[in-house]
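# Structure assessment
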Amino acid sequence: MIHFILNPNAGTNSLQKRERIVKSLNGIPNSKVWQTERVKHASELTEIAISEGATKVIAIGGDGTINEVASALLYSNIPLGIIPMGSGNGLARHLQIPLQFDKALHKALNGTIISIDAGKWNERPFFCTAGIGFDAQVAAHFANRGKRGFLNYLYSTLVSLNQYQAIAIKDKGKVFSFTVANANQFGNNAYISPESDLQDGLLETILIKPGSILALANLGISLFRKNLPLHPLVSVSSVHTLQIKASEGIPYHLDGESLTLTSNRIEIAILPSALLVVK
């Protein structure tokens with residue numbers, strides 16, 4: 001049986017569109033539709049789906065919902081289908097999954113199953129990107145603002161740029177941001193690591209040094225031109241594992257979810273071929 005796990009609050013869809021989506025899903029033979037009601041509920045529902053012998057779990061939502069479902073499916077041999085409905089849709093975009101609901105549904109039901117890597121930040125998995133510094137500050141502002149969509153994310157970026165102070169990482173000094181990438185982008189075609197490959201058994205670390213407003217503006221342009229690694233403020237490395245230290249209490253993000261560091265020690269690792277995905 002196919003289990004659909006829908007975050008009804010994802011994206012900026014109207015109530016009428018969500019009702020049409022649920023009606024479409026209910027028409028799929030041999031399937032069950034779940035709707036999340038709170039944070040981490042998608043992981044709980046996925047565990048139930050696994051216990052009921054699901055043959056496929058299809059997540060419908062943004063990167064946070066995808067992360068919750070995928071985290072529960074690690075090493076389960078049950079493939080994850082993705083119907084993107086978030087603000088960024090980073091993993092879906094990397095996998096070239098259509099953003100239109102009907103096309104994404106067809107792909108999730110009939111596409112090719114592949115295995116992909118996952119990353120691990122301390123004990124939490126991520127599938128797209130994770131990081132500290134400016135990106136985490138933007139994610140925190142965006143989460144607190146409570147409004148979804150690309151324009152609101154852009155607003156959070158501009159406000160954060162005006163308020164942000166560079167952070168310190170032990171042995172690396174002051175940095176503007178430090179990102180760990182499994183996929184090639186944050187979402188919205190903002191390519192933080194254009195050469196990242198979900199199947200190569202490696203993570204990329206992208207360290208960006210502080211710079212002038214003009215230099216940082218050029219960084220933003222480079223994100224969308226897919227040439228960020230060529231910028232003089234940027235250093236990129238490929239790693240299997242990594243340990244860094246930063247200040248406890250600062251924000252970090254996993255697949256766009258805003259969190260707070262509870263320890264100054266960060267351990268990062270690749271989990272090769274840890275998840276089956278439909279693309």
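This text goes with the structure placed above it.
I will try to describe carefully the structure that is included in this document. (Residues numbered from 1 in each chain as written. Predicted model: local features only at pLDDT ≥ 70, side-chain atom pairs only at ≥ 80, totals over all residues. Heavy atoms only, no water.)

So, about the overall build of the chain. Assigned secondary structure in the chain consists of eight helices and 16 strands. A globule of 279 residues ought to have a C-alpha radius of gyration of about 19 Å, and the chain, at 18 Å, matches this closely. Projected onto the principal axes, the alpha-carbon positions of the chain cover approximately 55 × 35 × 35 Å. Burial statistics for the chain: of 279 residues in total, 54% are counted as buried. Contacts in the chain between residues at least 24 apart in sequence constitute 69% of all its contacts with a sequence separation of at least 6. Each charge class in the chain can be summarised by its mean position, and for the 25 positive and 20 negative side chains these summaries are 7 Å apart. (Helix = DSSP H or I, 4+ residues; strand = E, 2+ residues; numbered from the N terminus. Rg over C-alpha atoms; globule rule 2.2 N^0.38 Å. Buried < 20%, exposed > 50% of the residue type's maximum accessible area, 1.4 Å probe, protein only. Contact = heavy atoms within 4.5 Å. Lys, Arg positive; Asp, Glu negative; His and termini not counted. Charge placed at Lys NZ, Arg CZ, Asp CG, Glu CD.)

With six of six residues buried, strand E3 (residues 56-61) is to be regarded as a mostly interior element. As a crossover connection, the stretch from E3 through helix H3 (residues 63-73) into strand E4 (residues 80-84) is right-handed. (Right-handed = clockwise from strand over helix to strand, strands pointing away.)

For the coordinates displayed, the defined rule picks out six salt bridges. Between glutamate 52 and lysine 32 there is a salt bridge whose closest N-O contact spans 2.8 Å. Of this pair, glutamate 52 sits in the loop between helix H2 (41-51) and E3 while lysine 32 sits in strand E2 (residues 31-35); the two residues are 20 residues apart in sequence, bridging distant segments of the chain. Under the relative-accessibility criterion, glutamate 52 is labelled partly exposed at 40%. Between lysine 40 and glutamate 257 there is a salt bridge; the shortest N-O distance is 4.0 Å. A residue pair is termed long-range when its members are at least 10 positions apart, and lysine 40 in the loop between E2 and H2 and glutamate 257 in strand E15 (residues 257-260) qualify at 217 residues. The exposure class assigned to lysine 40 is partly exposed, which follows from its relative accessible area of 31%. By sharing partners, the salt bridges in this structure join Glu37, Arg38 and Glu44 into a single network. (Salt bridge = Lys/Arg side-chain N within 4 Å of Asp/Glu carboxyl O.)

Even without glycine at this site, tyrosine 75 takes up a positive phi of about 60°. In this structure, tyrosine 75 sits in the loop between H3 and E4. Positioned with a positive phi, asparagine 188 is a non-glycine residue whose angle comes to about 55°. Its place among the elements puts asparagine 188 in the loop between strand E10 (177-181) and strand E11 (203-208).

Taken together, six strands build an open sheet; the order of strands is E12-E11-E10-E7-E14-E15 and the sheet is antiparallel. The open sheet has two edge strands with one neighbour each: strand E12 (234-239) and E15. Geometrically, the sheet is characterised by an average inter-axis angle of 20° between neighbouring strands, direction not taken into account. The sheet contact formed by strand E14 (residues 251-254) and E15 spans four bridges and is antiparallel. Bridged to tyrosine 252 within E15 is leucine 259. (Pairing = 2+ DSSP bridges. Axes fitted to C-alpha atoms, helices over the stretch in contact; angles between N-to-C directions.)

As enumerated under the stated definition, the model contains four aromatic pairs in all. Both rings, one in tyrosine 164 and one in phenylalanine 176, keep their centres 5.5 Å apart while their planes meet at 85°; by these two values the pair is edge-to-face. Of this pair, tyrosine 164 sits in the loop between helix H7 (150-163) and strand E8 (167-169) while phenylalanine 176 sits in the loop between strand E9 (173-175) and E10, and the two are 12 residues apart along the sequence. Like phenylalanine 176, tyrosine 164 is buried. The lysine or arginine in question, lysine 226, covers the ring of tyrosine 191, its NZ or CZ lying 4.6 Å from the ring centre. (Phe/Tyr/Trp six-rings, centres within 6.5 Å; stacked < 30°, edge-to-face > 60°. Lys NZ or Arg CZ within 6 Å of the ring centre and 35° of its normal.)

Once that is clear, we can look at H3. Where burial is concerned, most of H3 is hidden: nine out of the 11 residues are buried. Inspection of H3 places Asp63, Thr65, Ile66, Asn67, Glu68, Val69, Ala70, Ala72 and Leu73 among the buried residues, and these make up the whole buried set. Positive backbone phi, at 60°, marks tyrosine 75, one or two positions downstream of H3.

Right, let's talk about the nonpolar core for a bit. With 47 residues, the main nonpolar core has Leu80, Ile82 and Leu275 as its most contacted residues. Beyond its immediate stretch of four places on either side in the chain, leucine 80 contacts Val57, Ala59, Ile66, Val69, Ala70, Leu73, Leu275, Leu276, Val277 and Val278. Among the nonpolar cores identified, the runner-up in size contains 40 residues, and Trp121, Ile169, Val175 and Leu233 belong to it. (Core = buried A, V, L, I, M, F, W, Y, C linked by side-chain atoms within 4.5 Å.)

Here we come to the side chain of lysine 56. Its location among the elements puts lysine 56 in strand E3. This buried residue, lysine 56, is left without a salt bridge; aspartate 102 holds the nearest opposite charge, at 16 Å. A polar contact is formed between the side chain of lysine 56 and the backbone oxygen of alanine 108, at a distance of 2.9 Å. Looking at lysine 56, its side chain comes within polar contact range of the main-chain oxygen of leucine 109, at 3.2 Å. Excluding its chain neighbours within four sequence positions, the residues that come into contact with lysine 56 are Met1, Ile2, His3, Ile78, Pro79, Ala108, Leu109 and Val278. (Polar contact = N/O pair within 3.5 Å; in protein donor to acceptor, adjacent residues only side chain to side chain.)

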